Each structure stands twice: as C-alpha cells, then as structure tokens.
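Listed here are the chains, written in short residue letters.
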Amino acid sequence: YNFFFFYQSLMDQYFGRIQSLMNNKDLPARIRFLLQDTMELRENNWVPRKAFIDNGPKTINQIRQDAVKDLGVFIPPMNQGIRMDFFLEGPFMPNRMKLDRETLGGLANMFGQMPGSCIGTGPGVIQDRFSPTLGRHRTNPLFNGHSAHMASQPQSQFDLGMKPFIKSNQGQNQHFHNQNQNHSNQQQAQSKDMPPRFKKGQLNADEISLRPAQSFLMNKNQVPKLHPQIPTMIPPSAQPPRTQTPPLGQPPQLGLKTNPPLIQEKPQKTTKKPVPAKEELLKMTENIVTDYLNSKNMEDAVSGVKEMKAPKHFLPEMLSKIILCSLERSDEDREQASTLIHTLRTEGFITGDNFMQALLNVLDQCPKIEVDIPLVKSYLAQFAARAIIAELVSVAELAHPLENGNHFPLFLLCLQQASKLKDREWLTDLFQQSKINMQKMLPEIDQNKDRMLEVLEGKGLSFLFPLLKLEKELLKQIKADPSPQAIYKWIKDNISPKLHTDKGFINILMTSFLQYIFAELGVNEGDEQLASPSKEQLDQEKQLLLSFMPVMQKFLHNHADLQVGALYALQVHCNANTFPKGMLLRYFVNFYDMEIIEEEAFLKWKEDISQEFPGKGKALFQVNQWLTWLETAEEEESEEEAD
C-alpha cells in the first residue's frame, strides 16, 4: 500500500515535469503536442482516444474501398502512359460515358483523372473497354484506330450507375447512341442480375448538383492544364457533326454550344525567404556591431538586428559575436556593446538565458583568446556585471554555471566590477538576498571558512561577509582589550548598524564572550573541573559576565528574538564541551539575575522546536526544572499584580 503511494508520487513528479515542458513555447509544437497527448492519455486512465482506434489516417486503398461502398464504383489509379480523361471528356465519346465530376465529388480530385469504369479485377468483376486488364485477354480496338468496334463492347456498370443523371446530347452523340442501342437489352439483363453493392451508384438527378466544383473554375484567360496535349485518334467519319478536330497540341473541345467554365487554379503559395546560413548571419552581425561602435547609432543597430530575422537558436551566437567584436576595442566601446545587448533585451529580441549561453560560449574560448587579450576574463566580468546591474540576469543565475571554481576567478571578478560600477552596500544586499553559498563558488581545495576569507580579502570582497570577519576578529579584540568601552567602539567602527539586530551578529558576539571566559578559567575540554569548578573559578566566571553585561544589554535589551538567539549560542557552546554538569544552568541563572535575558525569552527558547542548533534535548534535560520554576513564578507574579 505504501509502495503504491510512493510510486504514485514519483509519477506525479514526472508528469509535473511533462506539464512544464508542454507549456514551454521554445519547444517545437510537434513535441509539445506529443507531451499533451501523454498527459491526456493518463487523465483518461491510459485508454486511447477513439480517434486513434477508428478514425486514424486512411490509406488510398481504404478510401477506394469506401468509394466502392458509397458509390458502387472503384476508381483505379492513373495508368502510366495513357491519359483516359482524353477519351472520357472528348467530343467523340457518348454522353453517357462522360464522368460528372460534381457527382463524384472529391473522388475526382483524389484519384486524378477518372480512368473509365473499371470496378476492380478478379472473379465476378465485369470488365469494360477501359479496364486496365483488358489488354491482357484481347485487343482493345480503341487503340487500333477502329472506332466502329468500340460500340460492340458491353456497357460498364459505371455507365449503368451514372445513366439516370447524365444528360444525353442527341445532336453530338447520335453516332455512338445508334451503335450502342443494339446492346441495351443485354445491358438491362445484366443490371437485373447485378449484386446490390453495384447498384449504389444509381442516384436520382435531384440529389446531385451539376454545378462545377468551385476548385474546378479558373479565369477565362488561363489555359486548363488537366487535358493532355495529344492528337485525336478518331477518324473524321466517327466525329459528331458541327465539330472540328482539335489541332495538335490543343485540348479537345467538349462539344458544348458555349465555352465551358475553365478550371480556376489556386495561386501558388509564395515560398518564404530561406533563412541565411550561419556564416552569413555571423557576417551580418559583425557588420552591424562594427557600424554601431563607429557611429554609436543605436536605432540603426536595432533595425539591423530586426532585419536579420535570426532564428532563436542563433541568438546566443549573435550575442557572442557582439562581445567578441568589442573585446579588442576600448572600455567605452565595450560599454556601448553592453548597452546594445541590454537594448535588445528591452526590445524583446533576446533573453537572459541567451546572454548566459553567449557568455559561457566566449568563456570556453578564453584559452585561445588570452594569447592576444590577456585581460579577457576581466572584460567578460564587465559584461556580466553590467548585465546584473541592468537586471538582465540575477546574481544566482550567474553563479550557478560557475560553481566549484568553474572559470575561476570569473565570479569574483564580476562581483568586483559590480561594486566598482555601483557601490558596496547595494552589492552586499543583493548578494545576501541571493542566498549564494560562497564556499561552493571556490575550487574544492579552498572550500572552507578560513581559506574563503583569505580569498575574499585578496579580491577586496570581504565586505560581503562582515559577520565572517567579525567572528575572526572580535575574539582577538576582546583578548587585546576586554573593557566594555573598547569592545563597543570596535563593533561600532567595523560592523554596519544594520547588522546590530541580526541574529548572526548576536550569535558571534555571545560565542566570543563565552570562549573568552572559558579560556580565562584555565580549563581544557574534557577537564574534570568543568563539572566541578572551584569557588574561585565560579566567582571569576561571574565577574567576567558582569564586565561584559553592558555590551550584552546594549544589543539585547527589549529584543526577545535576539535574546533567544543568545540562548542558542550558549546551548551550542555547552554542546561543544559535551554539556558539563551544571554549566548551562549556572549561565541561565546568571543571565536571569543580571537581567541580560528576560523571562519571555527563556520560555520562548523552551517552546521553540528549531533543529538548526545541536544539543537542544540535552540542554532541556539540565534546565527543565528551573524553567518550570520560572514559569510558575511568573504566573504567581501576574496573579499578584492582577489583585
């Protein structure tokens, strides 16, 4: 049961990721639709949609089978080398043999020019004179030029099916009508014995519109392209009256009194201009940047980038080219190049991700570039710093690909440039809000507090970690001059007033006092005197606390949360010394008696469930009885004041 929910939660995470990718507009539409189908399939309990089962794409053979079911006619594909539409639509063919395209609807377009009346091959299939298999068994008289023998061929089922709604033209087709009339009785007999599936094509004239399809119309000035340009093969004697044989290369006339409506072809779609090659785009970018740096005309540069119509995948390379083109120029030109990049972002041409990809691309080329430009990393740091100031990227976004000393010391150089371009206080606030672990930004060998502080001081960035400097320097200052006046003056000169109410500052302040007192008592870790100190040691401990009391009260008075932080510092100090018996309780009592810590803070510390600081359980075991007394005493005092 538990495994079921475990795997269900994993699947929810997977499909949550799929949902985010599905909404990513940078992915191709085909991929996003595939992801959407997967999401919908899961929501439908993994049952495929009916459209995928029954209504999927149909093959040409399936469409032909549907035509057999709907019209009782099977139209075979166009026979190579022979265009049957010439014989079907020529003026010498009987009117009943002509195919009405409107009647067939989309089949005329789907199968190309209708090649006659074949309904297939095999047993039981009636062959006609236009059947592709006719030539296998007997000579087709049509192609021998003997038109008189054409009439002796039996009429096809297609003719029978189309006969009710095909108009006859007595004047033009009398010749063929007379020849075929002798076979009408035989054809009627065949129609009686015809299976029902071949009678579906017999439709009423009222059900079919004889108006040509709209796609079959074209301008009068256009020449129809669907008629084959072949000479007539019918002798003049077999042609209908008042009809001339079309000249060679001209389409045969339909024998109508008026010109038939010509086929209207859709205008060809204008093909899009092909995207320029990568080399061409890079050359265009170089020209735009060079002209911009020479003229300082931002409007022309932005217009040039817009006219490039560069694809999205090329944008990082375009930005890389902008940076590279300015590296060997002056500081002013590099600044102008940064301004161009920020303007392109404002205009919506690029994103922060594009800039980061471009910056990393150039960084990968640094070993080669440094041969000619030794200060390339400093120049790249300027681009990154200006991007941070312009809010093109955040400090965290810049830091992520540079973790573990990647391209070291580029990240520190970026912070240096940012502090120069703006100010330290702004950068300190921005860095603290980013929650970056500075140790992870250093090479693995330097990832410790002491080494980090040395590196930061070497780069002039120690101001980013004032508490780290305080932790290292405050204890030295107390040992040099433990007077409250000297300690307070040093803190005021070296620590920003904004940090005076910071819990980290209070933790370091209390830890420094406790470590100094511990060292002055002259005992070491694990010494038995920690559990049973002498009277002289207890008195000395109390006197030292009294000497530091003014400084503690200065920063803790009327700040209950900071007082709780001071108690946690005491808890960690005792835990580091394996909680000597009675030590934590002594300090609690002294803090209470000296009014360094108030009752409210003690009770908040007791109820707090934070796991940030180690040793809370052991600490409560030692002072729980005293805290119970304190809580009872406070309640009694409250009742007396109420009375």
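About the cut-offs
Residues numbered from 1 in each chain as written. Predicted model: local features only at pLDDT ≥ 70, side-chain atom pairs only at ≥ 80, totals over all residues. Heavy atoms only, no water. Helix = DSSP H or I, 4+ residues; strand = E, 2+ residues; numbered from the N terminus. Buried < 20%, exposed > 50% of the residue type's maximum accessible area, 1.4 Å probe, protein only. Contact = heavy atoms within 4.5 Å. Areas by Shrake-Rupley, 256 points an atom, 1.4 Å probe, with all protein chains shown as cover. Phe/Tyr/Trp six-rings, centres within 6.5 Å; stacked < 30°, edge-to-face > 60°. pLDDT = per-residue confidence, 0-100. Salt bridge = Lys/Arg side-chain N within 4 Å of Asp/Glu carboxyl O. Axes fitted to C-alpha atoms, helices over the stretch in contact; angles between N-to-C directions. Parallel < 35°, antiparallel > 145°, perpendicular 65-115°, else oblique. Left-handed = near helix turned anticlockwise from the far one by under 90°. Nonpolar A, V, L, I, M, F, W, Y, C, P; charged D, E, K, R; others polar. Expected span 1.5 Å × (residues − 1). Bend = angle between axes of the 7 residues up to and from the residue.

Across its full length, the protein holds 30 helices and zero strands. Taking all 643 residues of the protein together, 41% fall into the buried category. When contacts within the protein are restricted to residue pairs at least 6 apart in sequence, those whose partners lie at least 24 apart make up 73%. Split by element, the accessible area of the protein, about 38000 Å² in all, is 51% carbon and sulfur.

Overall, the coordinates contain 16 aromatic pairs when judged by the stated rule. Ring geometry for Phe-15 and Trp-46: centres 6.0 Å apart, planes at 65 degrees, overall edge-to-face. Taken as a pair, Phe-15 in helix 1 (residues 2-22) and Trp-46 in the loop between helix 2 (29-43) and helix 3 (50-53) lie far apart in primary sequence, 31 residues in all. Judged by centre distance (5.5 Å) and plane angle (80 degrees), the rings of Phe-431 and Phe-465 are edge-to-face.

Attention now goes to the confidence of the model for the protein. Residues of the protein with pLDDT of at least 70 account for 63%, and the chain-wide mean is 74. Mean pLDDT per element in the protein: helix 8 (residues 134-137) is the minimum at 42, and helix 18 (residues 376-389) is the maximum at 95. Note on residues 80-258: pLDDT is under 50 here. Beyond four places in sequence and across chains, it has 259 contacts.

The residue Phe-349 is located in the loop between helix 15 (331-346) and helix 16 (352-364) in this model. Between the C-alpha atom of Phe-349 and that of Lys-306, which follows or precedes it by 43 residues, the distance is 8.0 Å. Setting aside residues up to four positions removed in sequence, Phe-349 forms contacts with Val-302, Lys-306, Leu-315 and Leu-344.

Turning our eyes to something else, we now look at the pattern of salt bridges. Scanning all chains against the criterion turns up 18 salt bridges. Two residues, Arg-329 and Asp-333, come together in a salt bridge whose shortest N-O distance is 2.9 Å. What makes Arg-329 partly exposed here is its relative accessible area of 29%. Taking the relative accessible area as the measure of exposure, Asp-333 reaches 10% and is therefore buried. The salt bridge partner of Asp-331 is Arg-334, with a shortest N-O separation of 2.1 Å. Of this pair, Asp-331 and Arg-334 both sit in helix 15, three residues apart, roughly one helical turn. Using a relative accessible area of 47% as the deciding quantity, one classes Asp-331 as partly exposed. When salt bridges with common partners are traced through the structure, they connect Lys-296, Arg-329 and Asp-333 into a single cluster.

As for its position among the elements, Leu-413 is in helix 20 (residues 410-421). Judged by its relative accessible area of 14%, Leu-413 falls in the buried class. As a C-alpha pair, Leu-413 and Leu-380 span 33 residues in sequence and 9.0 Å in three-dimensional space. Beyond its immediate sequence surroundings of up to four residues, Leu-413 is in contact with Lys-377, Ser-378 and Ala-381.

Closest axis-to-axis distance for the helix 27 (residues 560-576)/helix 28 (residues 583-593) pair is 10 Å, and the angle between their directions is 155 degrees. Our classification of the angle between helix 27 and helix 28 gives roughly antiparallel. The way helix 27 lies across helix 28 gives a crossing that is right-handed. Judged by residue contacts, Leu-567, Leu-570, His-573 and Cys-574 of helix 27 engage Met-583, Leu-584, Tyr-587, Phe-588 and Phe-591 from helix 28. Residue composition of the contact of helix 27 with helix 28, grouped by class: eight nonpolar, one polar and no charged.

To continue, consider helix 18. At 3.6 residues per turn, the α-helix brings residues three or four places apart onto the same side. With 14 residues, helix 18 ought to run about 20 Å at 1.5 Å a step, and its terminal C-alpha atoms sit 20 Å apart, in line with that. Where helix 18 is concerned, the buried positions are Val-376, Lys-377, Tyr-379, Leu-380, Ala-381, Gln-382, Phe-383, Ala-384, Ala-385, Arg-386, Ala-387 and Ile-388. Following helix 18 by one or two positions, Glu-391 adopts a phi angle in the positive range, close to 60 degrees.

Turning next to helix 26 (residues 535-556). The end-to-end C-alpha distance of helix 26, which contains 22 residues, comes to 29 Å, matching closely the 32 Å that a straight helix rising 1.5 Å per residue would cover. Along helix 26, the sharpest change in direction is near 45 degrees and occurs at Phe-548; proline Pro-550 comes one to four residues later. Turning to helix 26, its buried residues number three or more, namely Gln-537, Glu-541, Leu-544, Leu-545, Phe-548, Met-549, Val-551, Met-552, Phe-555 and Leu-556. Tucked inside the fold, the buried residues of helix 26 contact helix 23 (466-480), helix 24 (484-494), helix 25 (503-520), helix 27 and helix 28. The first or second residue beyond helix 26 is Asn-558, which carries a positive phi of 65 degrees.

Take the packing of helix 25 against helix 26 next. How two helices pack is summed up by the angle between their axes together with the distance between the axes. Between helix 25 and helix 26, the shortest axis-to-axis distance is 10 Å and the interhelical angle comes to 165 degrees. The angle between helix 25 and helix 26 places the two elements in the roughly antiparallel class. Like other packed secondary-structure pairs, helix 25 and helix 26 cross with a definite hand, here right-handed. For the pair helix 25 and helix 26, the contacting residues are Phe-505, Ile-506, Leu-509, Met-510, Phe-513, Tyr-516, Ile-517 and Glu-520 in the first and Gln-540, Glu-541, Leu-544, Leu-545, Phe-548, Val-551, Met-552, Phe-555 and Leu-556 in the second. Per-class residue counts for the contact of helix 25 with helix 26 are 14 nonpolar, one polar and two charged.

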